Every structure is written in C-alpha cells, then in structure tokens.
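Coordinate analysis (summary)
Take a look at the letters that make up each chain.
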Amino acid sequence: MTLWGFIKQFAKFTVTGATCFAIDFGLMVLLKEVFGLYYIAASAISFIVATCINYLISKHWVYDVKDKSAQFKELIVFIILSAIGLGINTGLLWLFTTKAGMDYRISKLIAGMIGSIYNYVTRKLYLEKK
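The sections below set out a description of the structure shown in this document. (Residues numbered from 1 in each chain as written. Predicted model: local features only at pLDDT ≥ 70, side-chain atom pairs only at ≥ 80, totals over all residues. Heavy atoms only, no water.)

Focus: the packing of aromatic side chains
Under the criterion given, the structure shown has 9 aromatic pairs. Relative to Tyr 120, the ring of Phe 13 has its centre 4.7 Å away and its plane inclined at 65°; by these criteria the two rings are edge-to-face. Of this pair, Phe 13 sits in helix α1 (residues 3-33) while Tyr 120 sits in helix α4 (residues 104-127); the two residues are 107 residues apart in sequence, bridging distant segments of the chain. Tyr 120 shares its class with Phe 13; the two are buried. Ring pairing ties together the aromatic residues Phe 6, Phe 10, Phe 13 and Tyr 120, which thus form one cluster. (Phe/Tyr/Trp six-rings, centres within 6.5 Å; stacked < 30°, edge-to-face > 60°. Helix = DSSP H or I, 4+ residues; strand = E, 2+ residues; numbered from the N terminus. Buried < 20%, exposed > 50% of the residue type's maximum accessible area, 1.4 Å probe, protein only.)

Set out below in structure tokens:
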C-alpha cells in the first residue's frame, strides 16, 4: 500500500470510527439515563450495535478485502476481534469508573480511544492480512 493509500484508508477508518463511537456513546447514555440500565450493560449493548454498523461500513468503504469468497471467514474473524474489543472496552470502562472513580462517560471516552488503536491494528492485520 502506498503512503497515500494508507492516509486515505486511515482517514476513512477515522471517520467511520468517530461516527460509530458517537452512536456507541449516545446509545449508552440513552440506555443508562433514560432507561436506567446499569452502565456496563448499557455500554455492552451500545458497543455491539455500533460494532455491527462499523462492520457494514468498513466492509464496503474502509478495508480492501480482496478475497470475496472468504466473506464468511472474514465475518468470523471480525466477530472474534470485536468480542475481544468488547472485553477491552468493558474492562477499561469498569476500571476507570469503579476503581478510579471517573464518571462513566469520561471512562467511555478514554476506553474508546484506546480501543480504536486495537481495532485499527487488528483489523488491518487480520482482515487485510497486511
């Protein structure tokens, strides 16, 4: 991949990630504040919804997955990577909120920034095989 190709892809990843994080964050706050869900449950639900949207956008716009015959395998890898991401996100959210005493919204922002690095690297390595 050329430098320009990398920059374009990273920009698409960033736009997609920011959009999906806004969905994740907004839905989490809605579920907690309006529907009274525990912040961990609200975060897990919102993360899963945002991840599904992220998958659809990433598949068609961000990543260059050449082998169309391997789409089922790609989906399985994406689900596994996302489950690990959910664990990282939930663990950090719990750590920052329960142990460090931060507001759950601030914790989610920090966890989201850390998780985005994991997401980019793992999806680049395992979905594009580069």
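Text resumes after the structure shown.
A closer look at α1
Compared with the 45 Å implied by 1.5 Å per residue over 31 residues, the 44 Å span of α1 between its first and last C-alpha is a close match. Residues of α1 that are buried: Gln 9, Phe 13, Thr 16, Cys 20, Asp 24, Met 28, Val 29 and Leu 31. Contacts made by the buried residues of α1 are with α2 (39-62) and α4. (Expected span 1.5 Å × (residues − 1). Contact = heavy atoms within 4.5 Å.)

A few points about a nonpolar patch on the surface
Nonpolar side chains collect at one region of the surface, where Met 1, Leu 3, Trp 4, Phe 6, Ile 7 and Phe 10 lie side by side and expose about 670 Å² of accessible area between them. Considering the arrangement of structural elements, one finds Phe 10 in helix α1. (Patch = residues over 30% accessible without salt bridge, like charges linked within 9 Å, V, L, I, M, F, W, Y side chains within 5 Å. Areas by Shrake-Rupley, 256 points an atom, 1.4 Å probe, with all protein chains shown as cover. Salt bridge = Lys/Arg side-chain N within 4 Å of Asp/Glu carboxyl O.)

Here's the deal with the packing of α1 against α4
α4 packs onto α1 with a crossing angle of 145° between their chain directions and a minimal axis gap of 10 Å. In the packing of α1 onto α4, the handedness of the crossing is right-handed. Packed against α1, whose contacting residues are Phe 6, Gln 9, Phe 10, Phe 13, Phe 21, Asp 24, Phe 25, Met 28, Val 29, Lys 32 and Glu 33, the element α4 presents Tyr 104, Arg 105, Lys 108, Leu 109, Gly 112, Ser 116, Asn 119, Tyr 120 and Lys 124 at the interface. Here the residues of the contact of α1 with α4 sort into 10 nonpolar, 4 polar and 6 charged. (Axes fitted to C-alpha atoms, helices over the stretch in contact; angles between N-to-C directions. Left-handed = near helix turned anticlockwise from the far one by under 90°. Nonpolar A, V, L, I, M, F, W, Y, C, P; charged D, E, K, R; others polar.)

Side note on the pattern of salt bridges
Counted by the stated rule, this structure contains 3 salt bridges. The salt bridge partner of Asp 24 is Lys 108, with a shortest N-O separation of 3.1 Å. Of this pair, Asp 24 sits in helix α1 while Lys 108 sits in helix α4, and the two are 84 residues apart along the sequence. The exposure class assigned to Asp 24 is buried, which follows from its relative accessible area of 4%.

Things to note about the state of the cysteines
Here a disulfide denotes a covalent bond joining the sulfur atom of one cysteine to the sulfur atom of another. Inspection of the entire model under this criterion finds 0 disulfides. Of all cysteine sulfurs, the one in Cys 52 lies closest to Cys 20, which takes part in no disulfide; the gap is 9.9 Å. When its relative accessible area of 47% is taken as the criterion, Cys 52 is described as partly exposed. (Disulfide = S-S within 2.5 Å.)

Considerations on the nonpolar core
Of all hydrophobic cores here, the largest spans 8 residues; its members are Met 28, Val 29, Leu 31, Tyr 39, Ile 40, Ala 42, Leu 93 and Tyr 104. Among the secondary structure elements, those contributing two or more residues to this core are α1 and α2. Excluding residues that lie within four positions of it along the chain, Met 28 makes contacts with Tyr 39, Ala 42, Ser 43, Ser 46, Tyr 104, Arg 105 and Lys 108. Grouped together as the second largest cluster of nonpolar side chains are 6 residues, Tyr 55, Val 77, Leu 81 and Leu 127 included. (Core = buried A, V, L, I, M, F, W, Y, C linked by side-chain atoms within 4.5 Å.)

Considering the environment of Ile 84
The residue Ile 84 is located in helix α3 (residues 71-99) in this model. Looking at Ile 84, the relative accessible area reads 42%, which means it is partly exposed. It is 21 Å that separates the C-alpha atoms of Ile 84 and Ile 106, two residues lying 22 residues apart in sequence.

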